[in-house]
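Each chain, written out:
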Amino acid sequence: MPKITKILLLVVSVVLVLTVFLGVNSSGVSAASEPQDGAYRQINVYSEVLRHIQTDYVEEPNINAVTNGALRGLLESLDADSSYLTPEDYRTYKAGKGGKAQVGINVSKRYGYATVVSVVPGSPADKANLNDGDIIEAINGQDTRDISLAMIQLLLEGQPGTELTVSVVRPRKATPEKISMTRVASVLPPVAETMYENSSILYLKPGVLDHEHVQQVEAKLKAMPKAGNKKVLLDLRDVAAGDMGEATRLANFFLKSGTIAMLEGQKVEKQTFTAEASKAINATSPVVVLVNRGTAGPGELVAAALLDNKRADLVGEKTFGEGAQQKTFELPDGAALILSVAKYESPSGKKIQDEGVTPGVLVASNTDDGAVADDDDSATPDTQPATTQKPGVSVDEQLTKALDLLKSKAA
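As the structure is a computational prediction, the values presented were derived from the model and not from experiment. (Residues numbered from 1 in each chain as written. Predicted model: local features only at pLDDT ≥ 70, side-chain atom pairs only at ≥ 80, totals over all residues. Heavy atoms only, no water.)

Caption draft 1: Representation of the overall build of the chain. Each helix and strand in the chain was counted, giving 13 helices and 19 strands. For the chain, the residues scored as buried account for 46% of the 411 residues in total. For the chain, restricting intrachain contacts to residue pairs at least 6 apart in sequence, the fraction spanning at least 24 positions comes to 70%. Of the roughly 20400 Å² of accessible surface on the chain, 51% is carried by carbon and sulfur atoms. (Helix = DSSP H or I, 4+ residues; strand = E, 2+ residues; numbered from the N terminus. Buried < 20%, exposed > 50% of the residue type's maximum accessible area, 1.4 Å probe, protein only. Contact = heavy atoms within 4.5 Å. Areas by Shrake-Rupley, 256 points an atom, 1.4 Å probe, with all protein chains shown as cover.)

As structure tokens, this is what we get:
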């Protein structure tokens, strides 16, 4: 389908969605508020465009085929988490997930394509050298521009032992690379724990912020006095999965009072999540939090809460920016909209979805160091930089900086 057709039909499709949202009818138009009046006026413009397409376009377009893509684009123009599901997609979505096996990546949409938010350590994706920020151009041959985020997440899942092939575009590497991985049953490791400085520093690394892992963190924090721990290093790098409620509970472990987060939307009454003294475990020990561009959602909520309450120093990179609450709206034809209806805000009022969290001490990830362009086709295999290989042995500069910062703090 020519590009001009898709563009024009995207405009036409707005009429459909505006009708769903605004409930167009004769009485509604007369009673519309000022913002709605502007939308209704635009419907006249869209109707005129549709008339020209129907009567003047060079050929009769396949309305059904291109409208689905246009509606997906319309929803994704709002944010990465909003999706349009066709009736067929929605039936698949409601029937359940694609399977219990995965390859170990969390994804969102950026620049129209699926983008790797974070990679689970030790997963097939990690072993295939996928990194935060890699763009997944296609999944099993399907262009991710033409698939909603909800369906992309289903495509990544499957039965254990099945193969998944993705085409990946890496930062500063123009040529897509095909990578095949075998899905494995998801097994989340327990919270990693390490002692530094004669056990005075307790390092904790949860891979996900669900109830089980937050419980593990709680137990380790409660055991600090017995273990002789005086300071905490909380590693939230690549922590993108979990539950916002559990993230709020984790932040409360370090706070006796103050705002942890806020949630608000156009039709969602503002909620303020406040720390409760009875739920605090360690509100006095020095704390440093590690974050990177793979820190998203629940991980960002914790980092923002501790930063804004001046409870912890943050070290690393600016986080991904993922913090919205979704709601599903079923449409009369069996299709559905997944819309972000509210956004989480940090205690200082910054929307996590829009701004992410910026640490006070910026330190780049090791994976940034070797990323170079590969546009020079004259490079031989012996001289071509191994841009897709993670270093076998490297110094974790973010961790080193965080430890140095903690050492300088009085316990």
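Caption draft 2: Representation of the nonpolar core in the model. Counting residues in each nonpolar core, the largest one holds 39 residues, and the members touching the most others are Leu221, Leu250, Phe254, Ile260, Val289, Leu301 and Val302. Within the residue set of this core, elements represented by two or more residues are strand 11 (201-205), helix 8 (211-222), strand 12 (231-235), helix 10 (244-252), strand 13 (259-264), strand 15 (287-291), helix 11 (298-308) and strand 18 (336-345). Here this core takes six residues from helix 11, the largest share from any one element. If near-sequence neighbours (up to four positions away) are discounted, Phe254 is found in contact with Leu221, Val232, Leu234, Asn282, Ala283, Val287, Leu306 and Arg311. (Core = buried A, V, L, I, M, F, W, Y, C linked by side-chain atoms within 4.5 Å.)

Caption draft 3: Quick peek at the packing of helix 10 against helix 11. Between helix 10 and helix 11, the shortest axis-to-axis distance is 8 Å and the interhelical angle comes to 30°. Considered as vectors, helix 10 and helix 11 are oriented roughly parallel to each other. The interaxial crossing formed by helix 10 with helix 11 has right-handed handedness. Of the residues in helix 11, those touching helix 10 at Met244, Ala247, Thr248, Leu250 and Ala251 are Pro298, Leu301, Val302, Ala305 and Leu306. In terms of residue class, the contact of helix 10 with helix 11 is built from nine nonpolar, one polar and no charged. (Axes fitted to C-alpha atoms, helices over the stretch in contact; angles between N-to-C directions. Parallel < 35°, antiparallel > 145°, perpendicular 65-115°, else oblique. Left-handed = near helix turned anticlockwise from the far one by under 90°. Nonpolar A, V, L, I, M, F, W, Y, C, P; charged D, E, K, R; others polar.)

Caption draft 4: How the structure looks around the confidence of the model for the chain. A residue-level look at the chain finds 82% of positions with pLDDT of 70 or above and a mean pLDDT of 84. Summarising per-element confidence for the chain, the mean pLDDT is lowest in helix 2 (residues 26-30) (41) and highest in strand 15 (98). Every residue in residues 369-392 is under pLDDT 50, and counting partners more than four places away or in other chains gives 24 contacts. (pLDDT = per-residue confidence, 0-100.)

Caption draft 5: The arrangement of the packing of aromatic side chains in detail. Scanning the model with the defined rule gives three aromatic pairs in all. Measuring from ring centre to ring centre gives 6.2 Å for Tyr196 and Tyr203, while their planes differ by 85°; the resulting arrangement is edge-to-face. Under the relative-accessibility criterion, Tyr196 is labelled partly exposed at 26%. For Tyr203, a relative accessible area of 11% gives the class buried. (Phe/Tyr/Trp six-rings, centres within 6.5 Å; stacked < 30°, edge-to-face > 60°.)

Caption draft 6: Inspection of helix 7 (residues 149-156) at higher detail. With six of its eight residues buried, helix 7 lies for the most part within the structure. What helix 7 keeps buried is the set Leu149, Ala150, Met151, Ile152, Leu154 and Leu156.

Caption draft 7: Layout of the sheet that holds strand 16 (residues 313-316). Strand order across the open sheet formed by six strands is 10-11-12-15-16-19, with mixed pairing between neighbours. The sheet terminates laterally at strand 10 (192-196) and strand 19 (361-362), the two strands that pair on one side only. In terms of strand pairing, strand 10 meets strand 11 through five bridges, oriented antiparallel. Paired with Met195 across the two strands is Leu202, which belongs to strand 11. In the packing of helix 13 (residues 397-407) onto the sheet, contacts are made with strand 10, strand 11, strand 12, strand 15, strand 16 and strand 19, and the angle to strand 15 comes to roughly 170°. (Pairing = 2+ DSSP bridges.)

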